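Spelled out, the chains give:
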Amino acid sequence: MQYSYISKEERRIIEELMQAGSSNKKIAEELGRSASTIGRELKRNYGYGARHYEHERAQKLANKRRKESKGPKISERTWQKVFELFKKWT
């Protein structure tokens, strides 16, 4: 099964259906997604002091997580230290 990110439009629909009182299962059926996918989306993006799911905030959080996941895992400063230590031992 191929995974695809939840789109901004899908997040807008999730917000509308949540406000209308729909269950995760009903939202999933509407979007053609798994109910667990909707549950994970709400769990990830519902918190942070919000009283309800907001699609714009959810999209910003998702974009931030995606951007941070693509960054270097080791900082430039750490690499410099590694090279310094390597030079000492060679």
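Scroll up to find the structure this text is about.
Parameters and conventions
Residues numbered from 1 in each chain as written. Predicted model: local features only at pLDDT ≥ 70, side-chain atom pairs only at ≥ 80, totals over all residues. Heavy atoms only, no water. Helix = DSSP H or I, 4+ residues; strand = E, 2+ residues; numbered from the N terminus. Rg over C-alpha atoms; globule rule 2.2 N^0.38 Å. Contact = heavy atoms within 4.5 Å. Areas by Shrake-Rupley, 256 points an atom, 1.4 Å probe, with all protein chains shown as cover. Lys, Arg positive; Asp, Glu negative; His and termini not counted. Charge placed at Lys NZ, Arg CZ, Asp CG, Glu CD. Phe/Tyr/Trp six-rings, centres within 6.5 Å; stacked < 30°, edge-to-face > 60°. Lys NZ or Arg CZ within 6 Å of the ring centre and 35° of its normal. Core = buried A, V, L, I, M, F, W, Y, C linked by side-chain atoms within 4.5 Å. Buried < 20%, exposed > 50% of the residue type's maximum accessible area, 1.4 Å probe, protein only. Salt bridge = Lys/Arg side-chain N within 4 Å of Asp/Glu carboxyl O.

Below, the discussion takes up the overall build of the protein chain. Tallying secondary structure elements over the protein chain gives 5 helices and 0 strands in all. Ordering the α and β elements of the protein chain from the N terminus gives α-α-α-α-α. Whereas a compact globule of 90 residues would reach a radius of gyration of roughly 12 Å, the protein chain reaches 20 Å, over 25% beyond that. Taken over the C-alpha atoms alone, the protein chain extends approximately 65 × 35 × 20 Å along its principal axes. Taking as baseline every contact in the protein chain between residues at least 6 positions apart, the subset at least 24 positions apart corresponds to 43%. Accessible surface, the protein chain as shown: approximately 7,400 Å² in total, 54% of it carbon and sulfur. One way to put it: in the protein chain the 22 positive side-chain charges average out to a point 8 Å from where the 12 negative ones average out.

A complete count under the given rule lists 1 aromatic pair for this structure. When the ring of Trp 79 is compared with that of Phe 83, the centres are 6.0 Å apart and the planes differ by 25°; the resulting orientation is stacked. Highlighted residues: Trp 79 and Phe 83, both in helix H5 (residues 76-89), separated by 4 residues, approximately one helical turn. Arg 66 extends its terminal NZ or CZ atom over the ring of Tyr 5, reaching a point 3.8 Å from the ring centre.

Counting 10 residues, the largest nonpolar core is built from Ile 6, Ile 14, Leu 17, Ile 27, Ala 28, Leu 31, Ile 38, Leu 42, Tyr 53 and Ala 58. If you list the elements that add at least two residues to this core, you get helix H1 (8-19), helix H2 (24-31) and helix H3 (35-45). Among the elements that make up this core, the one with the highest residue count is H2 (3 residues). Beyond its immediate chain neighbours, meaning those up to four positions away, Ala 28 contacts Arg 33, Ser 34, Ala 35 and Ile 38.

A few words now on the pattern of salt bridges. Enumeration according to the criterion identifies 5 salt bridges in this entry. The salt bridge involving Arg 57 is made with Glu 54; its shortest N-O contact spans 3.5 Å. Overall, Arg 57 belongs to the buried group, its relative accessible area being 19%. One salt-bridge network, in which partners are shared between bridges, spans Glu 9, Arg 12 and Glu 16.

Read these as geometric descriptors, not functional statements.
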